[in-house]
Amino acid sequence: LDVLGLGLYLTTLGIAAVCWIAAFLAFFGNGFLYAVTSKYIDKFVPRKHNLAAYSVWMFLGYMGAIAGAVLVSMVQHWICHDGPQAYQCHEE
């Protein structure tokens, strides 16, 4: 989870050279979180309820993705610091 947070923080800096590292860390952290949760479900949830547990987990994960997509314009203000920057932020 710390790797995911570090990747998202590096993205907010808005430095183009850091974006590749930030994207890798964010996606790696996200995948790691899904893997750890899957292992937890396999270990602690009875086998007959695995499908339901995975379904609920994926539903909650996709709700987070939808919320993130809706909040893009707000995050853009954090990255652009309320002013346009070449190649990243644009004036509306």
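On a predicted model such as this, the values are computed, not experimentally measured, just so you know. (Residues numbered from 1 in each chain as written. Predicted model: local features only at pLDDT ≥ 70, side-chain atom pairs only at ≥ 80, totals over all residues. Heavy atoms only, no water.)

**Points about a nonpolar patch on the surface**
Among the surface-exposed residues, Val 56, Phe 59, Leu 60, Met 63, Ile 66, Val 70, Leu 71, Met 74 and Trp 78 lie close enough to one another that they form a single nonpolar patch of about 920 Å² accessible area. At the level of elements, helix 3 (50-70) and helix 4 (72-80) are the ones that each hand at least two residues to the nonpolar patch. Considering each element in turn, the nonpolar patch owes the most residues, six residues, to helix 3. Topologically, Val 56 is positioned in helix 3. (Patch = residues over 30% accessible without salt bridge, like charges linked within 9 Å, V, L, I, M, F, W, Y side chains within 5 Å. Areas by Shrake-Rupley, 256 points an atom, 1.4 Å probe, with all protein chains shown as cover. Salt bridge = Lys/Arg side-chain N within 4 Å of Asp/Glu carboxyl O. Helix = DSSP H or I, 4+ residues; strand = E, 2+ residues; numbered from the N terminus.)

**A short note on the environment of Val 75**
Take Val 75: it is sitting in helix 4. A residue is classified by how much of its surface remains accessible, and Val 75, at 29% relative accessible area, is partly exposed. (Buried < 20%, exposed > 50% of the residue type's maximum accessible area, 1.4 Å probe, protein only.)

**A closer look at the layout of surface pockets**
Of the volumes computed, that of the largest pocket is approximately 530 Å³. What lines the largest pocket is a set of 20 residues, among which Leu 4, Leu 8, Ala 26, Phe 27 and Asn 30 lie closest to the centre. Counting residues per element, the ones that place at least two in the lining of the largest pocket are helix 1 (2-12), helix 2 (16-44), helix 3 and helix 4. In terms of residue class, the lining of the largest pocket is made up of 15 nonpolar, five polar and no charged. (1 Å grid on protein atoms, 1.4 Å probe; cavity = no way out; pocket = protein on both sides within 12 Å on 5 of 7 lines; lining within 4 Å. Points joined across faces, edges and corners; volume = space filled by probe spheres on them. Nonpolar A, V, L, I, M, F, W, Y, C, P; charged D, E, K, R; others polar.)

**Things to note about the packing of aromatic side chains**
Considering all chains together, one arrives at four aromatic pairs under this definition. Between Tyr 40 and Phe 44 the ring centres are 4.8 Å apart and the planes differ by 45°, which places this aromatic pair in the tilted class. Taken together, the positions of Tyr 40 and Phe 44, both in helix 2 and four residues apart, correspond to about one turn of that helix. By the burial criterion, Tyr 40 is exposed, and Phe 44 matches it. In textbook terms, an aromatic cluster arises when at least three aromatic residues are bridged by ring pairs, as seen for Phe 24, Phe 28 and Phe 32. (Phe/Tyr/Trp six-rings, centres within 6.5 Å; stacked < 30°, edge-to-face > 60°.)

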